[in-house]
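The residues making up each chain are set out below.
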Amino acid sequence: MNDPLLIAGTPLRSRLFVGTAGYPNQQVLLDSLEASGAELVTVSIRRISLDAYAESLVDLLGGTGRYRLLPNTSGCVTARDAILTAELAREALETDWVKLELIGDRDLLYPDVEQLVHAADELVRKGFVVLPYCNEDPVACQKLADVGCAAVMPLGSLIGSGRGIANPAAIEMICTRSPVPVVLDAGIGTASDAAQAMELGCDAVLVNTAIAKSHDPRHMAAAMRGAVDAGRLARLAGRIPERDFAEPSSPQLGLVGT
Amino acid sequence: MTRLRINGEEAEIAAATIAELLVQRGIDAKARFLAVALNGAVVRRAEWPSQPLSAGDTVEIVRPLQGG
């Protein structure tokens, strides 16, 4: 249970990764990150305002040394832009790690697998530790592992949809076959979804909107932390086989009145 | 004056290098977590004072922000 998750040889103390976008305010974000126990937290890379440069929350987070910042390439629709964004992130944050996102449809935020594999291949060659947000497709995940990705991050359901794990059988299949860690990314709506992901065999879960947009992000962050731990324990303990008929749990000998 | 495209916007700038451009734009070049690309390639921080700018160059100046 306490075995750390290893990604590219780096041990991570928490199997819950947390996004930093969309919280009601800065204090709630800081409190929620604290409550989540997360070590790896995601950030985006954006053009600075040319009118005024002010210290951002990310400057604060990055300066504490408590969190490992994982930059993403969110919003990129071409491999070229995603690769440049990753290179800018490496320069800005002094990290080789990147959450690679390549979006093929702006309404669905669904990955463009063809470009994703191409960009992942390029970035691995440039020395990046690539964690791609991808479809819940065992073949796509295998291709991403084959080009050297350090993990795969299949979606549970659409980003921000809160619909949980739409295809648990596919996620379980990916977990069974993947040679690299599997991180469920996108679609988590509440704590039981995170627990389910871990029960299916995922190595970690990435949550943003389900925490940030809940009524009480601090409590939801704590709930996600508990759910990831519970799901991991349940997975390791092993669920019982399903049966068609009832199986009494109390002894059948010595019943009163027989 | 040099005509550049900075973060997607055309601008006339009297700056000969990346470092001068940042100063002109009120950006502290010593601030952490900044990165600059010139014509699609990252320019390392150490090269900002020496990297010349030419008319028609495209410059991206970025920083990390909240993200998922």
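Student: How would you explain the overall build of chain B if you had to name every residue and give the values?
Tutor: Of regular secondary structure, chain B possesses 1 helix and 5 strands. Scanning chain B from its N terminus toward the C terminus, one meets helices and strands in the order β-β-α-β-β-β. Taken along the three principal axes of its C-alpha coordinates, chain B extends 40 × 25 × 20 Å. In chain B, which comprises 68 residues, the share counted as buried stands at 29%. Within chain B, contacts between residues at least 6 apart in sequence are counted, and of these 54% link residues at least 24 apart.

Student: Now, about the pairing of strand E1 (residues 2-6) of chain B: what can you tell me, with residues and values included?
Tutor: Two faces make up the sheet, and in a regular strand the side chains alternate between them. Residue and element names in this part refer to chain B. Where E1 lies against strand E2 (residues 9-13), 5 bridges are found, and the strand directions are antiparallel. Opposite Ile-6, over in E2, you have Glu-9 as the bridge partner. Where E1 folds back on E2, the antiparallel hairpin that results is connected by 2 residues, among which Asn-7 adopts a positive phi of roughly 50°.

Student: For the interface of chain A and chain B, give the residues involved together with the corresponding values.
Tutor: Quoted interface sizes are often the accessible area lost when the parts come together. Listed as interface residues are 29 residues of chain A and, on the opposing side, 23 residues of chain B. Looking at the side of chain A that touches chain B, the elements with two or more residues in it are strand E4 (40-47), helix H2 (57-64), strand E5 (68-71) and helix H3 (79-93) of chain A. Among the residues forming the side of chain A that touches chain B, the class breakdown is 14 nonpolar, 10 polar and 5 charged. Sheet analysis places E4 of chain A next to strand E5 (residues 58-66) of chain B, joined by 5 bridges and oriented antiparallel.

Student: With reference to specific residues and values, describe the environment of Leu-29 of chain A.
Tutor: Residue and element names in this part refer to chain A. Mapped onto the secondary structure, Leu-29 falls in helix H1 (residues 26-36). Given 26 C-beta atoms within 10 Å, Leu-29 falls into the buried group. When the C-alpha atoms of Leu-29 and Thr-190 are compared, they prove to be 17 Å apart, with 161 residues separating the residues in sequence.

Student: Go over H3 of chain A, please, and point to the residues and values.
Tutor: Residue and element names in this part refer to chain A. Under the 1.5 Å per step criterion, the end-to-end length of H3 is 21 Å for 15 residues, consistent within 8% with the ideal 21 Å. Among the 15 residues that make up H3, 13 are buried, leaving the element largely enclosed by the rest of the structure. Phi turns positive one or two residues past the end of H3, at Glu-94, with a value near 55°.

Student: Could you give me a rundown of the nonpolar core, with the residues and numbers involved?
Tutor: Of all hydrophobic cores here, the largest spans 95 residues; its most connected members are Leu-100, Val-183, Ala-194, Cys-202, Val-205 and Met-224 of chain A. If we skip the residues at most four places from it in the chain, Ala-194 of chain A touches Ile-188, Val-205, Val-207, Met-224, Ala-227, Val-228 and Gly-231 of chain A.

Student: Which residues make up the pairing of strand E9 (residues 129-134) of chain A, and what are the values?
Tutor: All names here are of chain A. Among the 6 residues in E9, 5 count as buried, and that is most of the element. Judged from the 4 bridges that link them, strand E6 (residues 97-100) and E9 form a sheet pairing that is parallel. Bridging across to E9, Val-98 finds its partner in Val-130. Alignment of E9 against strand E10 (residues 153-154), held across 2 bridges, turns out to be parallel. Counted as the bridge partner of Tyr-133 is Met-153 from E10.

Student: Lay out the sheet that holds E9 of chain A with the relevant residues and their values.
Tutor: The strand order E6-E9-E10 (chain A) describes an open sheet built from 3 strands, whose pairing is parallel. Looking at the sheet topology across the chains shown, the edges are occupied by E6 and E10 of chain A.

Student: Just give me the short version of the packing of H3 of chain A against helix H4 (residues 113-125) of chain A, but keep the residues and values in it.
Tutor: Residue and element names in this part refer to chain A. In contact at an axis separation of 9 Å, H3 and H4 are set at 35° when each is read in the N-to-C sense. For the pair H3 and H4, the crossing hand works out as right-handed. Of H4, the residues touching H3 (which contributes Ala-79, Ala-82, Ile-83 and Ala-86) are Gln-115, His-118, Ala-119, Glu-122 and Leu-123. In the contact of H3 with H4, the residues fall into 6 nonpolar, 2 polar and 1 charged.

Student: Go over the packing of H1 of chain A against helix H9 (residues 217-237) of chain A with me, naming the residues and quoting the values.
Tutor: Two quantities define a packed helix pair, namely the angle between the axes and the distance from one axis to the other. All names here are of chain A. Look at H1 against H9: their axes get within 7 Å of each other, and the N-to-C directions meet at 20°. Between H1 and H9, the angle falls in the class roughly parallel. Seen along the crossing, H1 lies across H9 with a hand that is right-handed. Of H9, the residues touching H1 (which contributes Val-28, Asp-31, Ser-32, Ala-35 and Ser-36) are Pro-217, Arg-218, Ala-221, Ala-222, Met-224 and Arg-225.

Student: Describe unusual backbone geometry, with residues and values.
Tutor: Positive phi, normally seen in glycine, also occurs at Ala-186 of chain A, with a value near 85°. Positionally, Ala-186 of chain A belongs in the loop between strand E11 (183-185) and helix H7 (191-199). By C-beta crowding, Ala-186 of chain A is classed as buried, having 27 other C-beta atoms within 10 Å. In this structure, Asn-7 of chain B takes a positive phi of about 50° despite not being glycine. On the secondary structure map, Asn-7 of chain B appears in the loop between E1 and E2. Asn-7 of chain B gets classed as partly exposed once you count the C-beta atoms within 10 Å, which come to 16.

Rules of the game
- Residues numbered from 1 in each chain as written.
- Chains lettered and ligands numbered in written order.
- Predicted model: local features only at pLDDT ≥ 70, side-chain atom pairs only at ≥ 80, totals over all residues.
- Helix = DSSP H or I, 4+ residues; strand = E, 2+ residues; numbered from the N terminus.
- Buried ≥ 20, exposed ≤ 12 C-beta atoms within 10 Å, placed from the backbone.
- Contact = placed C-beta atoms within 7 Å.
- Pairing = 2+ DSSP bridges.
- Nonpolar A, V, L, I, M, F, W, Y, C, P; charged D, E, K, R; others polar.
- Expected span 1.5 Å × (residues − 1).
- Core = buried A, V, L, I, M, F, W, Y, C linked by C-beta atoms within 7 Å.
- Axes fitted to C-alpha atoms, helices over the stretch in contact; angles between N-to-C directions.
- Left-handed = near helix turned anticlockwise from the far one by under 90°.
- Parallel < 35°, antiparallel > 145°, perpendicular 65-115°, else oblique.

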